[in-house]
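# Topology and contacts: notes
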Amino acid sequence: MTKLISIKDMSNDLKIALLKELGYDSDGIFVLEKDGDKHIDKYINEPVRVDNMFIYPGSVVILDNNSLSISSFLEEYGDVFG
């Protein structure tokens, strides 16, 4: 069973450390790819901010924490909780 952990109230320093463990980086504001480019949410085509990122459980999928991105992801890949 997948365990959910909220990162909403986690400090940005801890979020950035988590990103680095997952192979990403940050400039302190945005999630960055390995090459230094901003990580773009594929569903809304906007850069993902560290203070508003959502990491889908059981994956390394990083989205903007908004209902359109999350529902679009679930529609494409299915709900791992169901």
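Residues numbered from 1 in each chain as written. Predicted model: local features only at pLDDT ≥ 70, side-chain atom pairs only at ≥ 80, totals over all residues. Heavy atoms only, no water.

### Some words on the nonpolar core
To keep things clear, this is the line we draw: The definition of a nonpolar core used throughout is a set of buried Ala, Val, Leu, Ile, Met, Phe, Trp, Tyr and Cys residues joined through side-chain atoms within 4.5 Å. The buried label goes to any residue with under 20% of its type's maximum accessible area, the exposed label to any with over 50%, and the partly exposed label to all in between, with areas taken from a 1.4 Å probe on protein chains only. Comment: elements are numbered from the N terminus, with helices defined as DSSP H or I runs of at least four residues and strands as E runs of at least two. In what follows, a contact means two residues having at least one pair of non-hydrogen atoms within 4.5 Å.
Judged by nonpolar contacts, Ile7, Ile16, Leu19, Tyr24, Val31, Val48, Val50, Met53, Ile55 and Ile62 together constitute the single largest core of ten residues. Among the secondary structure elements, those contributing two or more residues to this core are helix 1 (12-21) and strand 5 (53-55). If we ignore the near neighbours within four places in the chain, the residues touching Ile55 are Ile7, Leu18, Leu22, Val61 and Ile62.

### Notes on the packing of aromatic side chains
As a reminder, the rule being used: What counts as a ring pair is set by centres within 6.5 Å for rings of Phe, Tyr and Trp (its six-membered ring), and what kind of pair is set by the plane angle: stacked under 30 degrees, edge-to-face over 60, tilted for all other angles.
This structure, assessed with the given rule, holds three aromatic pairs. Here Tyr56 and Phe73 contribute two aromatic rings whose centre-to-centre distance is 4.4 Å and whose plane-to-plane angle is 50 degrees, an arrangement assigned as tilted. Taken together, the residues span a long stretch of sequence, with Tyr56 in the loop between strand 5 and strand 6 (62-64) and Phe73 in helix 2 (residues 67-77) at a distance of 17 residues. Residue Tyr56 is classed as buried on the basis of its relative accessible area of 4%. A relative accessible area of 6% means that Phe73 is categorised as buried.

### Structural notes on the pattern of salt bridges
Put simply, the test is: Whenever Lys or Arg places a side-chain nitrogen within 4 Å of a carboxyl oxygen from Asp or Glu, that contact is recorded as a salt bridge.
Summed over the entire model, instances satisfying the criterion amount to three salt bridges. Across the pair Lys20 and Asp25 runs a salt bridge whose closest N-O atoms are separated by 3.7 Å. Relative accessible area serves as the criterion here: at 49%, Lys20 is assigned to the partly exposed category. Note that Glu76 and Lys42 form a salt bridge whose closest N and O atoms lie 3.2 Å from each other. In this pair, Glu76 sits in helix 2 while Lys42 sits in the loop between strand 3 (40-41) and strand 4 (46-47), placing the two residues 34 residues apart along the sequence. The exposure class assigned to Glu76 is partly exposed, which follows from its relative accessible area of 42%. Assessed through its relative accessible area of 53%, Lys42 is described here as exposed.

### Considerations on the environment of Val31
Tracing the backbone through its elements, the reader meets Val31 in strand 2 (residues 31-32). By relative accessible area, Val31 is classed as buried at 0%. Sequence spacing of Val31 and Asn65 is 34 residues, and the spatial spacing of their C-alpha atoms is 13 Å. Excluding residues that lie within four positions of it along the chain, Val31 makes contacts with Leu19, Tyr24, Asp25, Asp37, Lys38, His39, Val48, Arg49, Val50, Met53 and Ile62.

### Observations regarding the environment of Leu4
Looking at the secondary structure, you find Leu4 in the segment before helix 1. On the basis of relative accessible area, Leu4 is assigned to the exposed category, the value being 56%. C-alpha of Leu4 to C-alpha of Gly23: the two residues are 19 residues apart in sequence and 20 Å apart in space.

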